[in-house]
Amino acid sequence: MKILIIGRGGREHAIAWKVAQSALNPQLFIAPGNEGMCTIKDAPVTLVPIDETNTEQLLAFAQENAIDLTIVGPEAALMNGIANRFHEAGLKIFAPTCEAAQIEGSKQFAKDLMDKYNIPTAAYRTFEEYEEAKAYLDEVGAPIVIKYDGLAAGKGVVVALTAEEADEALKDMLLDNHFGKGKVVMEEYLQGPEFSLLTMVNGETVVPLVIAQDHKRAYDGDKGPNTGGMGAYSPVPVIPQEQIDWAVEHIMKPTAAAMVKENCSFCGILYGGLMLTQQGPKVIEFNARFGDPETEVVLPKLKSDLVQLMLDVLDGKCPQPEFHDDVFLGVVMAAKGYPGSYPKGVAIENIDKVEQLVFHMGTSKKEGKWVSNGGRVLFVVGQGKTFQEAKNDAYRGVETVESDGLFYRKDIGWQAM
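Below, the structure is looked at part by part. (Residues numbered from 1 in each chain as written. Predicted model: local features only at pLDDT ≥ 70, side-chain atom pairs only at ≥ 80, totals over all residues. Heavy atoms only, no water.)

1. Examining the pattern of salt bridges
Now for step 1: A full pass over the atoms with the stated rule returns 20 salt bridges.
Now for step 2: The partner of R289 in a salt bridge is E104, with the nearest N and O atoms 2.6 Å apart. Of the two residues, R289 sits in the loop between β16 (280–287) and α10 (295–301) while E104 sits in helix α5 (residues 102–105), which places them 185 residues apart along the sequence.
Now for step 3: You can call R289 buried: its relative accessible area is 9%. (Salt bridge = Lys/Arg side-chain N within 4 Å of Asp/Glu carboxyl O. Helix = DSSP H or I, 4+ residues; strand = E, 2+ residues; numbered from the N terminus. Buried < 20%, exposed > 50% of the residue type's maximum accessible area, 1.4 Å probe, protein only.)

2. Considering a negative patch on the surface
Now for step 1: Negative charge collects at one region of the surface, where E128, E129, E131 and E132 lie side by side.
Now for step 2: Relative to the helices and strands, E132 is located in helix α7 (residues 130–140). (Patch = residues over 30% accessible without salt bridge, like charges linked within 9 Å, V, L, I, M, F, W, Y side chains within 5 Å. Areas by Shrake-Rupley, 256 points an atom, 1.4 Å probe, with all protein chains shown as cover. Lys, Arg positive; Asp, Glu negative; His and termini not counted. Charge placed at Lys NZ, Arg CZ, Asp CG, Glu CD.)

3. Some points on the side chain of K107
Now for step 1: Assignment of secondary structure puts K107 in helix α6 (residues 107–116).
Now for step 2: Despite being buried, K107 has no salt bridge partner; E285 is the closest side chain of opposite charge, sitting 4.9 Å away.
Now for step 3: Contact partners of K107, with chain neighbours within four places excluded, come to K147, Y148, D149, G150, V185 and E285. (Contact = heavy atoms within 4.5 Å.)

4. Remarks on the environment of V19
Now for step 1: Take V19: it is sitting in helix α1 (residues 10–19).
Now for step 2: For V19, a relative accessible area of 0% puts it in the buried group.
Now for step 3: In this structure, the C-alpha to C-alpha distance between V19 and Q308, residues 289 residues apart in sequence, is 9.4 Å.
Now for step 4: When sequence neighbours within four positions are dropped, the list of residues in contact with V19 reads I3, I5, P26, L28, I71, L306 and V307.

5. A short note on the packing of aromatic side chains
Now for step 1: A full pass over the atoms with the stated rule returns eight aromatic pairs.
Now for step 2: Considering the side-chain rings of F127 and Y136, the 5.3 Å spacing of their centres and the 40° angle between planes classify their relative orientation as tilted.
Now for step 3: Classification of F127 as buried rests on a relative accessible area of 5%.
Now for step 4: For Y136, a relative accessible area of 15% corresponds to the buried category. (Phe/Tyr/Trp six-rings, centres within 6.5 Å; stacked < 30°, edge-to-face > 60°.)

6. A word on the sheet that holds strand β3 (residues 45–47)
To summarise the sheet geometry, strands pair through backbone hydrogen bonds and adopt either a parallel or an antiparallel arrangement.
Now for step 1: Taking strand neighbours across the sheet as the criterion, the five strands line up as β3-β2-β1-β4-β5 in an open arrangement whose pairing is parallel. Edge positions in the sheet fall to β3 and β5 (93–94), since each has one partner strand and no second.
Now for step 2: Sheet analysis places strand β2 (residues 27–32) next to β3, joined by three bridges and oriented parallel. In the sheet register, F29 faces β3, and the bridge partner there is T46.
Now for step 3: Set on the sheet, α1 makes contact with β1 (2–7), β2 and β4 (69–72); between it and β1 the angle comes to about 165°.
Now for step 4: Against the sheet, helix α2 (residues 55–64) touches β1 and β2, its axis set at about 170° to β1. (Pairing = 2+ DSSP bridges. Axes fitted to C-alpha atoms, helices over the stretch in contact; angles between N-to-C directions.)

7. Focus on unusual backbone geometry
Now for step 1: Note the cis peptide between A142 and P143, where omega equals 5°.
Now for step 2: Turning to its location among the elements, P143 is positioned in the loop between α7 and β7 (144–148).
Now for step 3: Residues S234 and P235 are joined by a peptide bond in cis, for which omega reads 5°.
Now for step 4: Take P235: it is sitting in the loop between β14 (231–234) and α9 (241–261).
Now for step 5: A positive phi angle, close to 55°, is found at D222, a residue other than glycine.
Now for step 6: Counting through the fold element by element, D222 comes out in the loop between β12 (217–219) and β13 (223–226).
Now for step 7: The phi torsion at N350 lies on the positive side, around 75°, for a residue other than glycine.
Now for step 8: Tracing the backbone through its elements, the reader meets N350 in the loop between β17 (327–335) and β18 (357–360).
Now for step 9: Relative accessible area serves as the criterion here: at 18%, N350 is assigned to the buried category.

What follows is the structure, given as C-alpha coordinates:
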(Lines give C-alpha, C1' and ligand atoms only; values in the text may rest on other atoms or scores of the structure.)
Protein backbone atom coordinates (compact mmCIF):
# COMPACT_ATOMS: atom_id res chain seq x y z
CA MET A 1 0.00 0.00 0.00
CA LYS A 2 1.44 3.38 -1.04
CA ILE A 3 1.07 6.10 1.60
CA LEU A 4 2.03 9.77 1.25
CA ILE A 5 2.72 11.75 4.44
CA ILE A 6 2.93 15.51 4.10
CA GLY A 7 5.19 17.47 6.45
CA ARG A 8 8.76 17.64 7.68
CA GLY A 9 8.87 17.64 11.49
CA GLY A 10 8.75 15.42 14.54
CA ARG A 11 5.01 14.93 14.25
CA GLU A 12 5.36 13.58 10.72
CA HIS A 13 8.31 11.40 11.77
CA ALA A 14 6.11 9.89 14.50
CA ILE A 15 3.23 9.35 12.05
CA ALA A 16 5.59 7.72 9.54
CA TRP A 17 7.16 5.53 12.27
CA LYS A 18 3.72 4.29 13.33
CA VAL A 19 2.41 3.88 9.77
CA ALA A 20 5.50 1.81 8.92
CA GLN A 21 4.40 -0.81 11.47
CA SER A 22 1.06 -1.40 9.71
CA ALA A 23 0.12 -4.93 8.71
CA LEU A 24 -0.87 -3.47 5.32
CA ASN A 25 2.80 -3.42 4.26
CA PRO A 26 3.03 0.29 3.47
CA GLN A 27 5.49 1.91 1.14
CA LEU A 28 6.12 5.39 2.55
CA PHE A 29 6.57 8.64 0.65
CA ILE A 30 7.15 11.76 2.78
CA ALA A 31 6.98 15.26 1.31
CA PRO A 32 9.30 16.93 1.98
CA GLY A 33 10.23 15.00 5.14
CA ASN A 34 13.65 15.19 6.77
CA GLU A 35 16.67 12.93 6.63
CA GLY A 36 16.02 11.60 10.12
CA MET A 37 12.94 9.84 8.78
CA CYS A 38 15.17 7.60 6.70
CA THR A 39 16.12 5.86 9.96
CA ILE A 40 12.68 4.16 9.98
CA LYS A 41 13.30 0.44 9.57
CA ASP A 42 9.84 -1.14 9.32
CA ALA A 43 9.00 0.03 5.79
CA PRO A 44 10.75 1.55 2.76
CA VAL A 45 10.87 5.36 2.98
CA THR A 46 11.25 7.78 0.06
CA LEU A 47 11.66 11.52 0.68
CA VAL A 48 9.89 13.63 -1.93
CA PRO A 49 11.33 17.16 -2.46
CA ILE A 50 7.98 18.97 -2.67
CA ASP A 51 7.06 21.68 -0.18
CA GLU A 52 4.04 20.86 1.98
CA THR A 53 2.19 23.97 0.75
CA ASN A 54 2.67 23.18 -2.96
CA THR A 55 -0.75 21.58 -3.36
CA GLU A 56 -0.68 21.13 -7.13
CA GLN A 57 2.70 19.39 -7.19
CA LEU A 58 1.66 17.13 -4.32
CA LEU A 59 -1.54 16.24 -6.15
CA ALA A 60 0.37 15.49 -9.34
CA PHE A 61 2.82 13.29 -7.42
CA ALA A 62 -0.01 11.37 -5.75
CA GLN A 63 -1.70 10.78 -9.10
CA GLU A 64 1.48 9.78 -10.95
CA ASN A 65 2.53 7.36 -8.18
CA ALA A 66 -0.93 5.86 -7.53
CA ILE A 67 -0.89 6.85 -3.84
CA ASP A 68 -3.54 4.90 -1.90
CA LEU A 69 -3.76 7.17 1.16
CA THR A 70 -2.44 10.63 2.01
CA ILE A 71 -1.98 11.84 5.60
CA VAL A 72 -1.44 15.56 6.25
CA GLY A 73 0.58 16.87 9.19
CA PRO A 74 0.95 20.69 9.11
CA GLU A 75 -1.88 23.19 9.38
CA ALA A 76 -0.65 25.41 6.51
CA ALA A 77 -1.26 22.60 4.01
CA LEU A 78 -4.79 22.15 5.35
CA MET A 79 -5.61 25.84 5.06
CA ASN A 80 -4.26 25.73 1.49
CA GLY A 81 -7.08 23.34 0.65
CA ILE A 82 -5.09 20.20 -0.08
CA ALA A 83 -7.96 17.96 1.04
CA ASN A 84 -10.35 19.81 -1.30
CA ARG A 85 -8.09 19.22 -4.31
CA PHE A 86 -7.50 15.55 -3.46
CA HIS A 87 -11.26 14.99 -3.04
CA GLU A 88 -11.87 16.61 -6.45
CA ALA A 89 -9.34 14.21 -7.97
CA GLY A 90 -10.94 11.20 -6.28
CA LEU A 91 -7.94 10.51 -4.04
CA LYS A 92 -8.21 9.20 -0.48
CA ILE A 93 -6.89 11.68 2.11
CA PHE A 94 -7.13 11.75 5.88
CA ALA A 95 -7.42 15.50 6.43
CA PRO A 96 -10.09 18.20 6.72
CA THR A 97 -11.06 20.58 3.93
CA CYS A 98 -9.93 24.19 4.21
CA GLU A 99 -13.47 25.11 5.28
CA ALA A 100 -13.35 22.62 8.16
CA ALA A 101 -9.75 23.55 9.02
CA GLN A 102 -11.02 27.03 9.94
CA ILE A 103 -11.64 25.56 13.39
CA GLU A 104 -7.89 26.00 13.83
CA GLY A 105 -7.15 28.64 11.21
CA SER A 106 -9.56 31.18 12.69
CA LYS A 107 -9.89 31.57 16.46
CA GLN A 108 -13.03 33.65 15.87
CA PHE A 109 -14.64 30.90 13.76
CA ALA A 110 -13.97 28.37 16.53
CA LYS A 111 -15.25 30.63 19.31
CA ASP A 112 -18.38 31.61 17.36
CA LEU A 113 -19.09 27.92 16.64
CA MET A 114 -18.75 27.03 20.32
CA ASP A 115 -20.92 29.97 21.34
CA LYS A 116 -23.66 29.01 18.87
CA TYR A 117 -23.75 25.33 19.91
CA ASN A 118 -23.17 25.81 23.66
CA ILE A 119 -19.83 24.02 23.73
CA PRO A 120 -18.06 24.95 26.99
CA THR A 121 -15.26 27.48 26.52
CA ALA A 122 -13.98 30.76 27.95
CA ALA A 123 -15.97 33.98 27.48
CA TYR A 124 -14.46 36.11 24.68
CA ARG A 125 -14.54 39.23 22.50
CA THR A 126 -12.96 39.78 19.07
CA PHE A 127 -11.24 43.01 17.96
CA GLU A 128 -9.62 44.35 14.79
CA GLU A 129 -8.52 47.75 16.08
CA TYR A 130 -5.99 48.33 18.83
CA GLU A 131 -7.88 51.23 20.41
CA GLU A 132 -11.06 49.17 20.88
CA ALA A 133 -9.11 46.20 22.23
CA LYS A 134 -7.21 48.45 24.64
CA ALA A 135 -10.46 49.99 25.88
CA TYR A 136 -11.83 46.50 26.58
CA LEU A 137 -8.61 45.57 28.38
CA ASP A 138 -8.94 48.70 30.55
CA GLU A 139 -12.48 47.61 31.36
CA VAL A 140 -11.84 43.94 32.28
CA GLY A 141 -8.21 44.01 33.41
CA ALA A 142 -5.83 41.07 33.77
CA PRO A 143 -5.17 38.18 33.83
CA ILE A 144 -6.48 37.70 30.30
CA VAL A 145 -5.63 35.57 27.26
CA ILE A 146 -4.79 37.25 23.93
CA LYS A 147 -4.96 35.11 20.77
CA TYR A 148 -4.06 36.05 17.22
CA ASP A 149 -6.97 35.10 14.93
CA GLY A 150 -5.00 33.00 12.46
CA LEU A 151 -2.15 30.55 12.09
CA ALA A 152 0.92 31.41 14.14
CA ALA A 153 2.78 28.08 14.47
CA GLY A 154 1.58 27.61 18.03
CA LYS A 155 3.03 30.96 19.15
CA GLY A 156 0.10 33.34 18.67
CA VAL A 157 -1.24 33.02 22.21
CA VAL A 158 -0.24 35.20 25.16
CA VAL A 159 -1.43 34.39 28.68
CA ALA A 160 -1.08 37.88 30.12
CA LEU A 161 -0.97 37.98 33.92
CA THR A 162 -0.72 41.78 33.98
CA ALA A 163 -2.38 44.58 32.01
CA GLU A 164 1.07 45.64 30.79
CA GLU A 165 1.75 42.20 29.29
CA ALA A 166 -1.69 42.21 27.65
CA ASP A 167 -1.12 45.67 26.16
CA GLU A 168 2.26 44.60 24.75
CA ALA A 169 0.58 41.58 23.11
CA LEU A 170 -2.15 43.77 21.60
CA LYS A 171 0.43 46.18 20.17
CA ASP A 172 2.48 43.26 18.83
CA MET A 173 -0.52 41.69 17.06
CA LEU A 174 -2.61 44.70 16.02
CA LEU A 175 -0.12 47.55 15.55
CA ASP A 176 3.12 45.75 14.62
CA ASN A 177 1.26 42.95 12.78
CA HIS A 178 3.79 40.40 14.06
CA PHE A 179 1.79 37.49 12.60
CA GLY A 180 0.30 39.50 9.74
CA LYS A 181 -2.68 41.84 9.47
CA GLY A 182 -5.55 40.32 11.43
CA LYS A 183 -7.81 40.26 14.47
CA VAL A 184 -7.32 39.22 18.07
CA VAL A 185 -9.57 37.20 20.31
CA MET A 186 -9.50 38.31 23.96
CA GLU A 187 -10.54 35.53 26.31
CA GLU A 188 -11.42 35.03 29.93
CA TYR A 189 -8.49 33.57 31.89
CA LEU A 190 -9.30 30.02 33.01
CA GLN A 191 -7.50 27.97 35.63
CA GLY A 192 -6.88 24.24 35.92
CA PRO A 193 -4.76 21.47 34.41
CA GLU A 194 -4.65 21.37 30.61
CA PHE A 195 -4.82 18.25 28.49
CA SER A 196 -4.83 17.42 24.80
CA LEU A 197 -7.53 15.12 23.45
CA LEU A 198 -6.91 13.90 19.90
CA THR A 199 -9.89 12.35 18.14
CA MET A 200 -10.24 10.68 14.75
CA VAL A 201 -13.29 12.20 13.10
CA ASN A 202 -15.40 11.69 9.99
CA GLY A 203 -18.66 13.64 10.03
CA GLU A 204 -20.36 12.73 13.30
CA THR A 205 -18.12 9.69 13.91
CA VAL A 206 -15.67 10.51 16.72
CA VAL A 207 -12.99 8.03 17.84
CA PRO A 208 -10.95 9.29 20.82
CA LEU A 209 -7.28 8.49 21.34
CA VAL A 210 -5.54 8.67 24.72
CA ILE A 211 -4.96 12.12 26.20
CA ALA A 212 -1.57 13.79 26.60
CA GLN A 213 -0.21 16.89 28.28
CA ASP A 214 2.50 19.12 26.85
CA HIS A 215 4.73 21.83 28.30
CA LYS A 216 4.41 25.11 26.40
CA ARG A 217 6.84 27.33 28.31
CA ALA A 218 10.47 27.32 27.24
CA TYR A 219 12.15 26.90 30.61
CA ASP A 220 12.00 24.82 33.78
CA GLY A 221 9.25 25.68 36.24
CA ASP A 222 6.95 26.70 33.38
CA LYS A 223 8.84 29.96 32.94
CA GLY A 224 9.79 31.84 29.82
CA PRO A 225 7.95 32.45 26.52
CA ASN A 226 5.36 30.15 24.96
CA THR A 227 6.74 27.69 22.43
CA GLY A 228 5.32 25.03 20.12
CA GLY A 229 5.87 22.59 23.02
CA MET A 230 8.98 21.51 24.95
CA GLY A 231 7.86 18.02 25.96
CA ALA A 232 4.81 15.82 26.49
CA TYR A 233 3.60 12.71 28.24
CA SER A 234 0.71 10.25 28.23
CA PRO A 235 -1.39 9.30 30.17
CA VAL A 236 -2.26 12.33 32.34
CA PRO A 237 -3.03 11.14 35.88
CA VAL A 238 -4.49 14.45 37.12
CA ILE A 239 -7.37 14.11 34.63
CA PRO A 240 -9.91 11.46 35.78
CA GLN A 241 -11.29 9.09 33.12
CA GLU A 242 -14.85 10.26 33.78
CA GLN A 243 -13.81 13.83 32.84
CA ILE A 244 -12.22 12.56 29.62
CA ASP A 245 -15.42 10.64 28.81
CA TRP A 246 -17.46 13.77 29.58
CA ALA A 247 -15.26 15.83 27.24
CA VAL A 248 -15.76 13.32 24.42
CA GLU A 249 -19.55 13.35 24.85
CA HIS A 250 -20.08 17.07 25.57
CA ILE A 251 -17.25 18.72 23.61
CA MET A 252 -15.76 16.61 20.82
CA LYS A 253 -18.92 14.89 19.57
CA PRO A 254 -21.07 18.07 19.68
CA THR A 255 -18.31 19.97 17.86
CA ALA A 256 -18.17 17.36 15.08
CA ALA A 257 -21.97 17.47 14.82
CA ALA A 258 -21.91 21.28 14.73
CA MET A 259 -19.43 21.23 11.84
CA VAL A 260 -21.81 18.98 9.89
CA LYS A 261 -24.69 21.38 10.56
CA GLU A 262 -22.55 24.32 9.41
CA ASN A 263 -21.86 22.55 6.07
CA CYS A 264 -18.15 22.12 6.80
CA SER A 265 -18.10 18.50 7.94
CA PHE A 266 -14.78 17.55 9.53
CA CYS A 267 -12.62 14.58 8.51
CA GLY A 268 -9.21 13.88 10.03
CA ILE A 269 -7.76 14.58 13.46
CA LEU A 270 -9.78 17.01 15.56
CA TYR A 271 -7.57 18.03 18.47
CA GLY A 272 -9.14 19.51 21.58
CA GLY A 273 -6.83 21.61 23.72
CA LEU A 274 -8.87 21.40 26.93
CA MET A 275 -8.68 22.59 30.53
CA LEU A 276 -10.26 20.92 33.54
CA THR A 277 -11.78 23.90 35.37
CA GLN A 278 -13.87 23.90 38.54
CA GLN A 279 -16.91 23.87 36.23
CA GLY A 280 -15.59 20.87 34.28
CA PRO A 281 -13.65 20.59 30.97
CA LYS A 282 -13.62 23.66 28.74
CA VAL A 283 -12.05 24.29 25.32
CA ILE A 284 -8.90 26.37 25.18
CA GLU A 285 -8.40 25.79 21.45
CA PHE A 286 -9.06 23.38 18.62
CA ASN A 287 -6.49 22.15 16.12
CA ALA A 288 -7.38 20.50 12.82
CA ARG A 289 -4.49 18.01 12.82
CA PHE A 290 -2.18 15.90 14.96
CA GLY A 291 -0.70 18.00 17.79
CA ASP A 292 3.04 18.43 18.07
CA PRO A 293 4.61 17.20 20.39
CA GLU A 294 1.62 15.24 21.75
CA THR A 295 1.59 12.96 18.70
CA GLU A 296 5.11 11.79 19.56
CA VAL A 297 3.86 10.21 22.81
CA VAL A 298 0.29 9.28 21.82
CA LEU A 299 1.30 7.19 18.79
CA PRO A 300 3.91 5.14 20.69
CA LYS A 301 1.16 4.42 23.24
CA LEU A 302 -1.19 3.27 20.46
CA LYS A 303 -1.22 -0.52 20.12
CA SER A 304 -3.65 -0.64 17.16
CA ASP A 305 -2.72 -0.33 13.48
CA LEU A 306 -2.90 3.41 12.69
CA VAL A 307 -3.46 2.91 8.96
CA GLN A 308 -6.32 0.48 9.53
CA LEU A 309 -7.90 2.90 12.02
CA MET A 310 -7.77 5.71 9.46
CA LEU A 311 -9.21 3.55 6.70
CA ASP A 312 -12.02 2.40 9.00
CA VAL A 313 -12.89 5.97 9.98
CA LEU A 314 -12.82 7.05 6.31
CA ASP A 315 -15.22 4.16 5.57
CA GLY A 316 -17.68 5.44 8.17
CA LYS A 317 -16.84 2.80 10.79
CA CYS A 318 -16.22 3.51 14.47
CA PRO A 319 -13.21 1.37 15.50
CA GLN A 320 -12.08 0.91 19.10
CA PRO A 321 -8.34 1.62 19.34
CA GLU A 322 -6.22 -0.25 21.88
CA PHE A 323 -3.34 1.27 23.85
CA HIS A 324 -0.30 0.06 25.77
CA ASP A 325 -0.40 0.36 29.57
CA ASP A 326 3.08 1.90 29.76
CA VAL A 327 3.80 5.58 30.34
CA PHE A 328 5.45 7.49 27.47
CA LEU A 329 7.28 10.76 28.15
CA GLY A 330 9.18 12.82 25.59
CA VAL A 331 11.64 15.71 25.81
CA VAL A 332 12.29 18.33 23.12
CA MET A 333 15.89 19.30 22.46
CA ALA A 334 15.74 22.81 21.01
CA ALA A 335 18.22 25.25 19.48
CA LYS A 336 19.56 27.80 21.96
CA GLY A 337 17.58 31.01 21.39
CA TYR A 338 14.31 29.23 20.53
CA PRO A 339 11.49 30.39 20.37
CA GLY A 340 13.30 33.59 19.39
CA SER A 341 16.10 33.75 16.82
CA TYR A 342 18.53 30.84 16.76
CA PRO A 343 21.38 29.58 14.57
CA LYS A 344 21.09 26.60 12.23
CA GLY A 345 23.77 24.12 11.29
CA VAL A 346 24.89 23.40 14.86
CA ALA A 347 26.69 20.06 15.12
CA ILE A 348 24.91 17.20 16.94
CA GLU A 349 26.79 14.07 18.03
CA ASN A 350 25.75 10.59 19.19
CA ILE A 351 22.16 10.51 17.89
CA ASP A 352 22.84 7.00 16.60
CA LYS A 353 23.92 5.93 20.12
CA VAL A 354 20.57 6.82 21.71
CA GLU A 355 18.76 3.60 22.64
CA GLN A 356 15.43 5.35 23.16
CA LEU A 357 12.94 6.32 20.45
CA VAL A 358 14.07 9.52 18.71
CA PHE A 359 11.96 11.65 16.38
CA HIS A 360 13.73 14.26 14.23
CA MET A 361 11.99 17.62 14.43
CA GLY A 362 14.53 19.90 12.79
CA THR A 363 17.71 18.19 11.64
CA SER A 364 19.62 17.73 8.42
CA LYS A 365 22.88 16.11 7.37
CA LYS A 366 25.96 18.08 6.40
CA GLU A 367 28.94 16.13 5.08
CA GLY A 368 27.44 12.99 6.58
CA LYS A 369 26.97 14.46 10.07
CA TRP A 370 23.82 15.58 11.85
CA VAL A 371 23.25 19.32 12.30
CA SER A 372 20.34 21.41 13.54
CA ASN A 373 17.89 22.81 10.98
CA GLY A 374 15.12 24.35 13.08
CA GLY A 375 14.03 25.65 16.47
CA ARG A 376 12.89 22.35 17.91
CA VAL A 377 15.49 19.81 16.81
CA LEU A 378 14.99 16.38 18.43
CA PHE A 379 12.32 14.63 20.48
CA VAL A 380 13.51 11.78 22.72
CA VAL A 381 10.83 9.42 24.06
CA GLY A 382 11.15 7.42 27.26
CA GLN A 383 8.97 4.45 28.22
CA GLY A 384 8.27 2.83 31.58
CA LYS A 385 5.74 1.25 33.90
CA THR A 386 5.70 4.44 36.00
CA PHE A 387 6.21 8.13 35.26
CA GLN A 388 9.55 8.10 37.04
CA GLU A 389 10.74 5.16 34.93
CA ALA A 390 9.60 6.85 31.71
CA LYS A 391 11.20 10.15 32.74
CA ASN A 392 14.50 8.50 33.66
CA ASP A 393 14.48 6.61 30.38
CA ALA A 394 13.84 9.78 28.33
CA TYR A 395 16.58 11.79 30.03
CA ARG A 396 19.09 8.96 29.60
CA GLY A 397 18.50 9.36 25.89
CA VAL A 398 18.70 13.15 26.02
CA GLU A 399 21.99 13.03 27.91
CA THR A 400 23.48 10.68 25.32
CA VAL A 401 23.15 13.40 22.66
CA GLU A 402 26.03 15.87 22.59
CA SER A 403 25.69 19.41 21.24
CA ASP A 404 26.74 22.84 22.50
CA GLY A 405 23.90 24.44 20.58
CA LEU A 406 20.89 22.68 22.13
CA PHE A 407 18.93 23.12 25.38
CA TYR A 408 16.04 21.26 26.99
CA ARG A 409 13.76 21.41 29.99
CA LYS A 410 14.80 19.13 32.84
CA ASP A 411 11.37 18.94 34.47
CA ILE A 412 9.10 17.40 31.81
CA GLY A 413 6.34 15.46 33.55
CA TRP A 414 6.70 17.22 36.90
CA GLN A 415 2.91 17.55 37.24
CA ALA A 416 2.53 13.77 37.04
CA MET A 417 5.11 12.84 39.67
